[in-house]
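Remarks on the overall topology
Next come the chains, spelled out residue by residue.
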Amino acid sequence: MDRALLGRFDELVERRGYQNRSEALRDLVRKELDQDAWQRGTQTVATITIIYDHHVRELTDRLTSIQHDHGELIISTLHVHLDHDHCMEVIAARGPARSLKSMADRLIGTRGVESRHVVVAALPSGGRHAHGH
Ligand code: NI
């Protein structure tokens, strides 16, 4: 690595409070691998969190039908009635990155959704695990 690049990297390490370069590198590599898996369409897991006003006309119906369209991807959904107006939904999903991304884009792009957050991780190779039965 050239001196200038290393210098900038060291500043990043410092700014983000990493203990050392290795720790920062590990973090960067993991992030890049997740991003790569997301882009190549390999198996990933994701949580999609949305907050919306359930009084907005047809919004709840629309969000539900998007989830039914992608039923094979969804592991579980958590619905919380936050206050008189607002609901929060956290959707856990697993599948090819491209499919998850397309579902996430539809959900977070639905008119009336006020807040959204998507977290993605690549599945460790193998993907499925068993408990010995
Ligand atoms: Ni609700």
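Since the structure is predicted, the reported quantities are computational estimates derived from the model, not experimental observations. Along each chain, residue indices are assigned from 1 in the same order as the chain's sequence is written. Restriction of local features to residues with pLDDT of at least 70 applies here, the model being predicted, together with a cutoff of 80 or more for giving and counting side-chain atom pairs; totals for whole chains, interfaces and linings are based on all residues. Hydrogens and waters are ignored; side-chain quantities use all the structure's heavy atoms.

It is worth spelling out the packing of helix α2 (residues 21-40) against helix α4 (residues 97-108) at this point. Axis geometry follows a simple rule: fit a line to the C-alpha atoms, using only the stretch in contact for helices, then measure angles between N-to-C directions, giving values from 0 to 180 degrees. The secondary structure listing takes helices from DSSP runs of H or I that are at least 4 residues long and strands from runs of E that are at least 2 residues long, numbered from the N terminus. Taken N-terminus to C-terminus, the directions of α2 and α4 make an angle of 85°; their axes are 6 Å apart at the nearest point. Between α2 and α4, the crossing angle belongs to the class labelled roughly perpendicular. When α2 is examined against α4, the residues Ala-37, Trp-38, Gln-39 and Arg-40 are found in contact with a partner set consisting of Ala-97, Arg-98, Leu-100 and Lys-101. Partitioning the contact of α2 with α4 into residue classes produces four nonpolar, one polar and three charged. Note that the term roughly parallel is reserved for angles under 35 degrees, roughly antiparallel for angles over 145, roughly perpendicular for angles of 65 to 115, and oblique for everything else. What makes two residues a contact is simply this: any of their non-hydrogen atoms within 4.5 Å. Amino acid classes used here: Ala, Val, Leu, Ile, Met, Phe, Trp, Tyr, Cys and Pro are nonpolar; Asp, Glu, Lys and Arg are charged; the rest, including Gly, are polar.

Bringing the coordination of the nickel ion into the picture now. Expected angles at a metal are 109.5 degrees for tetrahedral coordination by four donors and either 90 or 180 degrees for octahedral coordination by six donors. Listed as protein donors to the nickel ion are His-79 (NE2), His-81 (ND1) and Cys-87 (SG); their distances from the metal cover 2.0 to 2.3 Å. Sequence spacing of the donors to the nickel ion: H-x1-H-x5-C. For every residue, the accessible area (1.4 Å probe, protein chains only) is compared with the maximum for its type, and the residue is labelled buried under 20%, exposed over 50%, or partly exposed between those bounds. On the basis of relative accessible area, His-79 is assigned to the partly exposed category, the value being 32%. Here Cys-87 falls in the buried class, since its relative accessible area comes to 4%. Donors, by definition, are the N, O and S atoms found within 2.8 Å of a metal, the threshold being 3.2 Å for Na, K and Ca, and water is not counted, so a site can look incomplete.

Turning to the domain arrangement of the chain, a few remarks are in order. Many analyses report the size of an interface as the accessible area lost when the parts associate. Partitioning the chain into domains gives domain 1 (3-38) and domain 2 (42-122). Note: domain ranges come from an automatic or database domain assignment. If you average the C-alpha positions of domain 1 and of domain 2, the two centres end up 30 Å apart. Take the accessible area each of two parts loses on contact, using a 1.4 Å probe, and add the two losses: that sum is the buried area. Taking both partners together, domain 1 and domain 2 bury about 570 Å²; carbon and sulfur atoms supply 69% of that area. The three residues of domain 1 that bury the most area against domain 2 are Asp-34, Ala-37 and Trp-38, which together make up 99% of that side's buried surface. The salt bridge definition used is simple: a Lys or Arg side-chain nitrogen within 4 Å of an Asp or Glu carboxyl oxygen. Summed over the shared surface of domain 1 and domain 2, the number is zero salt bridges.

On to the environment of Ile-66. Structurally, the position occupied by Ile-66 is in helix α3 (residues 59-69). Residues contacting Ile-66, with those up to four places away along its chain left out, are Met-103, Arg-106, Leu-107 and Thr-110.

Two strands qualify as a pair provided DSSP detects at least 2 bridges between them. As paired strands, strand β2 (residues 74-81) and strand β3 (residues 86-96) are joined by seven bridges and run antiparallel to one another. Of the residues in β3, the one forming a bridge with Ile-74 is Ala-93. The hairpin turn running from β2 into β3, its antiparallel successor, is four residues long.

Our next topic: the sheet that holds strand β4 (residues 113-122). Pairing within the open sheet is antiparallel, and its four strands lie in the order β2-β3-β1-β4. The sheet is open, and its two edges are formed by β2 and β4, each paired on a single side. Going across the sheet, the axis of each strand differs from the next one's by a mean of 10°, ignoring polarity. Note: strand β1 (residues 43-53) against β3, eleven bridges, orientation antiparallel. Bridged to Gln-43 within β3 is Pro-96. In the packing of α2 onto the sheet, contacts are made with β1 and β4, and the angle to β4 comes to roughly 100°.

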